Amino acid sequence: MARDLTKGSVNKVLLQFTLPLFISVVFQQFYSIADSLIAGRFAGEDALAAVGASYPITNIFNAVAFGCNIGCSVVISQLFGAREFKKVKTAISTALISCLVLGSILTISGIALTPALMSAIDTPENIFSESALYLKIYIGGFIFLFIYNISNGIFTSLGDSRTPLYFLIFSSVFNVVLDYALVVFFNMGVSGVAWATFIAQGIAGLLSVVTLLHHLKKLPVKEKTPLFSLSLLKQIARISIPSVLQQSFVSVGNVFIQKLINGYGSSVIAGYSAAIKLNTFTINALYTFGNGVSSFTAQNYGAKKYPRIREGMKYGTIMVVITGVIIAVLYLAFNVPLIELFMEGDGSKEAVKAGSLFLKTVAPFYAFIGIKLVCDGILRGTGTMKLFMVATFTDLILRVVLAYVFSPIWSYGGIWWSWPIGWTVANILSLIFYFYTMKKLTKNAV
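Keep in mind it's a predicted model, so treat the numbers as computed, not measured.

Caption draft 1: The arrangement of the overall build of the protein in detail. Looking only at helices and strands, the protein has 14 helices and zero strands in total. Ordered by position from N to C terminus, the α and β elements of the protein give α-α-α-α-α-α-α-α-α-α-α-α-α-α. Computed over C-alpha atoms, the radius of gyration of the protein comes to 21 Å, within 12% of the 22 Å expected from 2.2 N^0.38 for 446 residues, which places it in the range of a compact globule. Each principal axis of the C-alpha distribution contributes one length, and for the protein these read about 60 × 40 × 35 Å.

Caption draft 2: How the structure looks around the packing of aromatic side chains. One pass over the full model with this rule turns up 23 aromatic pairs. Ring geometry for tyrosine 412 against tryptophan 416: centres 5.8 Å apart, planes inclined by 45°, an arrangement best described as tilted. Here tyrosine 412 pairs with tryptophan 416, and both are found in helix α14 (residues 385-445), just four residues apart, close to one helical turn. On the basis of relative accessibility, which here comes to 6%, the residue tyrosine 412 falls in the buried class. Within the aromatic cluster, the residues linked to one another by ring pairs are Tyr264, Tyr272, Phe358, Tyr412, Trp416 and Trp419.

Caption draft 3: Representation of the nonpolar core. In this structure, Tyr366 and Trp419 are the most contacted members of the largest nonpolar core, which totals 139 residues. Sorting elements by how many residues they give to this core places α14 first, with 17 residues. Ignoring anything within four residues of it in the chain, the contact list for tryptophan 419 reads Ile257, Tyr272, Ile276, Asn279, Phe358, Val362 and Arg399.

Caption draft 4: Geometry of helix α7 (residues 163-185). Between its terminal C-alpha atoms α7 stretches 33 Å, which fits the 33 Å expected from 23 residues at 1.5 Å a residue. All of the buried residues in α7 are Thr163, Pro164, Leu165, Phe167, Leu168, Ser171, Ser172, Asn175, Leu178, Asp179, Leu182 and Val183. Once α7 finishes, asparagine 187 follows within two positions and takes phi at roughly 50°, a positive value.

Caption draft 5: Region of the structure containing a nonpolar patch on the surface. A cluster of nonpolar residues, Ile97, Val101, Ile105, Leu227, Phe228 and Leu230, forms a patch on the protein surface that exposes about 580 Å² of accessible area. At three residues, helix α4 (residues 85-120) tops the list of elements feeding residues into the nonpolar patch. The exposure class assigned to phenylalanine 228 is partly exposed, which follows from its relative accessible area of 41%.

Caption draft 6: The arrangement of the packing of helix α11 (residues 306-340) against helix α12 (residues 349-362) in detail. Contact geometry for α11 and α12: axes closest at 9 Å, N-to-C directions at 150°. The pairing of α11 with α12 is recorded here as roughly antiparallel in orientation. Every pair of crossing elements has a handedness; the one defined by α11 and α12 is right-handed. For the pair formed by α11 and α12, the contact residues are Tyr331, Leu332, Asn335, Val336, Ile339 and Glu340 on the first element and Ala351, Val352, Gly355, Ser356, Leu359 and Lys360 on the second. Partitioned by chemical class, the residues of the contact of α11 with α12 number seven nonpolar, three polar and two charged.

Caption draft 7: Inspection of the environment of serine 151 at higher detail. Among the secondary structure elements, serine 151 is positioned in helix α6 (residues 142-157). Aside from chain neighbours lying at most four places away, what touches serine 151 is Leu96, Ser208, Val209 and Leu212.

Caption draft 8: Up close: the pattern of salt bridges. Counted under the stated rule, the structure contains three salt bridges. Close ionic contact of glutamate 84 with lysine 87 constitutes a salt bridge, the shortest N to O distance being 3.4 Å. Residue classification places lysine 87 among the partly exposed positions, given a relative accessible area of 42%. Residue aspartate 376 is joined to lysine 372 by a salt bridge in which the shortest nitrogen-to-oxygen separation is 2.4 Å. Highlighted residues: aspartate 376 and lysine 372, both in helix α13 (residues 366-381), separated by four residues, approximately one helical turn.

Caption draft 9: The arrangement of the packing of helix α2 (residues 45-53) against helix α5 (residues 125-140) in detail. Running from amino to carboxyl end, α2 crosses α5 at an angle of 55°, the nearest separation of the two axes being 8 Å. One element, α2, and the other, α5, form an angle in the oblique class. Seen along the crossing, α2 lies across α5 with a hand that is right-handed. The residues of α5 that touch α2, namely those facing Asp46, Ala47, Ala49, Ala50, Val51 and Ala53, are Asn126, Ile127, Glu130, Ser131 and Tyr134. Taken together, the residues that form the contact of α2 with α5 break down as seven nonpolar, two polar and two charged.

About the criteria used
- Residues numbered from 1 in each chain as written.
- Predicted model: local features only at pLDDT ≥ 70, side-chain atom pairs only at ≥ 80, totals over all residues.
- Heavy atoms only, no water.
- Helix = DSSP H or I, 4+ residues; strand = E, 2+ residues; numbered from the N terminus.
- Rg over C-alpha atoms; globule rule 2.2 N^0.38 Å.
- Phe/Tyr/Trp six-rings, centres within 6.5 Å; stacked < 30°, edge-to-face > 60°.
- Buried < 20%, exposed > 50% of the residue type's maximum accessible area, 1.4 Å probe, protein only.
- Core = buried A, V, L, I, M, F, W, Y, C linked by side-chain atoms within 4.5 Å.
- Contact = heavy atoms within 4.5 Å.
- Expected span 1.5 Å × (residues − 1).
- Patch = residues over 30% accessible without salt bridge, like charges linked within 9 Å, V, L, I, M, F, W, Y side chains within 5 Å.
- Areas by Shrake-Rupley, 256 points an atom, 1.4 Å probe, with all protein chains shown as cover.
- Salt bridge = Lys/Arg side-chain N within 4 Å of Asp/Glu carboxyl O.
- Axes fitted to C-alpha atoms, helices over the stretch in contact; angles between N-to-C directions.
- Parallel < 35°, antiparallel > 145°, perpendicular 65-115°, else oblique.
- Left-handed = near helix turned anticlockwise from the far one by under 90°.
- Nonpolar A, V, L, I, M, F, W, Y, C, P; charged D, E, K, R; others polar.

Below you can see the structure in the form of structure tokens.
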């Protein structure tokens, strides 16, 4: 059900809108973590390393889906806030058609390039075949992930954050059950983990599209609208392309870092694989608040209600700081048991040491990255993409460069420190850009 985010108490509206998004991410990351956890505990440390080794490459594909999600969400939110419902319907169908075409191209090319991609990041020989197998199956289901992400972005742009939650709860639970059944009872190992994800994503993607098409009938538009608009596609692309580039460059940066980590052997890869899943859970949870603020900002930007955007920044910051601090305390207190959850038995000492050190290094800085993500959400919501990209690329470049500078000095522990340093510097830039953008909006409104 579409919801107007330009009216009502800002803190109440934002909390009610972002809470379902947050729960959705918790469930989404839950089954992502389950992939690695079940692989590590029931198929062994090498299986955990195999899933982890392909992770930065799967992130490149996810980056395209997520970047397009942002582009669709911002444009449709702005149109919805401006009450241009005819254009809203055309923008939605344009986004879905474009998604199917682009997703199909990426799926075919990704499967064909899998061996070359795994070789490019120096995947150890003892986990190469299983890593490549996992990646092929995962990419095979990418079109469903793409469809779900676009549909999710459209739902949130219309102020509906609950419908995607229902699909995520179902598919997440189903994924975990399939993971366990295929790995434990059918002894499918890494391929079982991949097929469980494929099937779960397929169900979520198809159900979300069917439901979205049904919801579109409720928009107050009686006459027939065009299915495709090149001008609206250009508007979506203007936001999507920088977002895709930003997400892709971050993922490519992670590929370089993964290549560096692969040099330390499968035990360190396994420890990093466990830790990065937990870290990704946190970042995506915080990202959810940023995305919620982005849709909130876009609707109010379209309605020219700029003071509400400042209020959105205030309450969004409160939410990410509280969330970041709570998770940081948990990770600092229980880092070793959390890493050992992913290991068969107690896992190798080196794997547990590497993973727990990562969590202890990055966890204290979660509140900082959370504030940056809220600022980024406002920059995206107002269409200020150049400044958004500058802050993000600064983080990426610093992390990659520092990882290669610090690793010869402090081994893989030096790589871990590239995260908080990059986050802190990028956070400062995002805050500066936020204040600049709001000053410019206020000036133009006078």
